[in-house]
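Observations on chain architecture
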Amino acid sequence: MQEIQEKILGYIEKNSRIDLKDLSVILGEDQAQVMNALEEMEALHIIAGYHTLINWEKAGIEKAKAMIEVRVTPQRGMGFDKIAQRIYNFPEVSSVYLISGGFDFMVIIEGKTLREVAEFVSQKLSTLDSVLSTKTNFILKNYKEQGTIMAELSKDERMKMSL
């Protein structure tokens, strides 16, 4: 079962909209077996969700996104988990990662404007008891996300000269 799971995960990670019948044909597996494996992985939370990658810039919808490095004091007996839970429960937060280096967490947040993101950091995130400091990095342009190229690069319109 492990082998079929790995094959399924490898494929649907890039294309979660594929029809079950097509996936079965591509993998060379029985459709019922593929369906059972998918259901089992969903129940075990191996497959944690299905998301759509949206290029908001092309949609003409303004969004502000920031990566916030957060330094905290871990809570006795709980480590970083309880603090991470408090952070990821905010609706503005899309991702929280425990990281190595000078900070403890990398928090990804989205808002409608830069001001909205800044207010979240100053009024909600920074005021948590365990938070010692934050460093906000606004995302100015998204070139690639989850393996997908998001930005079309402008072509160099200058004339080439030869010697």
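None of these values were measured; they are calculated from a predicted model.

**Remarks on the packing of aromatic side chains**
- For the structure shown, the criterion picks out two aromatic pairs.
- Considering the side-chain rings of F80 and F105, the 5.8 Å spacing of their centres and the 90° angle between planes classify their relative orientation as edge-to-face. Of this pair, F80 sits in the loop between strand 1 (64-72) and helix 5 (81-88) while F105 sits in strand 3 (residues 105-111), and the two are 25 residues apart along the sequence.
- Note on F90 and F120: the rings are 5.3 Å apart at their centroids and 85° apart in plane angle, and the pair reads as edge-to-face. Of this pair, F90 sits in the loop between helix 5 and strand 2 (93-98) while F120 sits in helix 6 (residues 114-125), and the two are 30 residues apart along the sequence.
- Residue class for F90 comes out buried when judged on its relative accessible area of 18%.
- Exposure remark for F120: the relative accessible area of 3% places this residue in the buried category.
- Its end group placed over the ring of W56, K63 keeps NZ or CZ at 4.3 Å from the ring centre.
- The ring centre of F103 lies 4.5 Å from the NZ or CZ of R71, which sits over that ring.

**Some points on helix 3 (residues 31-43)**
- Its 13 residues give helix 3 an end-to-end C-alpha distance of 18 Å, which sits within 8% of 18 Å, the value for a rise of 1.5 Å per residue.
- Among all positions in helix 3, only V34, A37, L38 and M41 are buried. Along the axis of helix 3, the buried positions cluster into a sector of 100°, meaning they face one direction only.
- Those residues of helix 3 that are buried are in contact with helix 1 (2-12) and helix 2 (20-27).
- For helix 3, the side-chain oxygen to backbone nitrogen distance between the N-cap and A32 is 3.3 Å, and the N-cap itself is D30.
- Downstream of helix 3 by a residue or two, H45 has a phi angle that is positive, lying close to 65°.

**Notes on the nonpolar core**
- By size, the foremost hydrophobic cluster in this structure holds 19 residues, and its most contacted members are I68, V70, I87, F105, V107 and I109.
- Those elements that provide at least two residues to this core are strand 1, helix 5, strand 3 and helix 6.
- Broken down by element, this core gets its largest block of residues, five residues, from strand 1.
- In this structure, I109 is in contact with A64, K65, A66, I68, E92, V93, S94, V117, F120 and V121, ignoring residues within four places of it in sequence.

About the criteria used
Residues numbered from 1 in each chain as written. Predicted model: local features only at pLDDT ≥ 70, side-chain atom pairs only at ≥ 80, totals over all residues. Heavy atoms only, no water. Phe/Tyr/Trp six-rings, centres within 6.5 Å; stacked < 30°, edge-to-face > 60°. Helix = DSSP H or I, 4+ residues; strand = E, 2+ residues; numbered from the N terminus. Buried < 20%, exposed > 50% of the residue type's maximum accessible area, 1.4 Å probe, protein only. Lys NZ or Arg CZ within 6 Å of the ring centre and 35° of its normal. Expected span 1.5 Å × (residues − 1). Arc of directions from axis to C-beta. Contact = heavy atoms within 4.5 Å. Polar contact = N/O pair within 3.5 Å; in protein donor to acceptor, adjacent residues only side chain to side chain. Core = buried A, V, L, I, M, F, W, Y, C linked by side-chain atoms within 4.5 Å.

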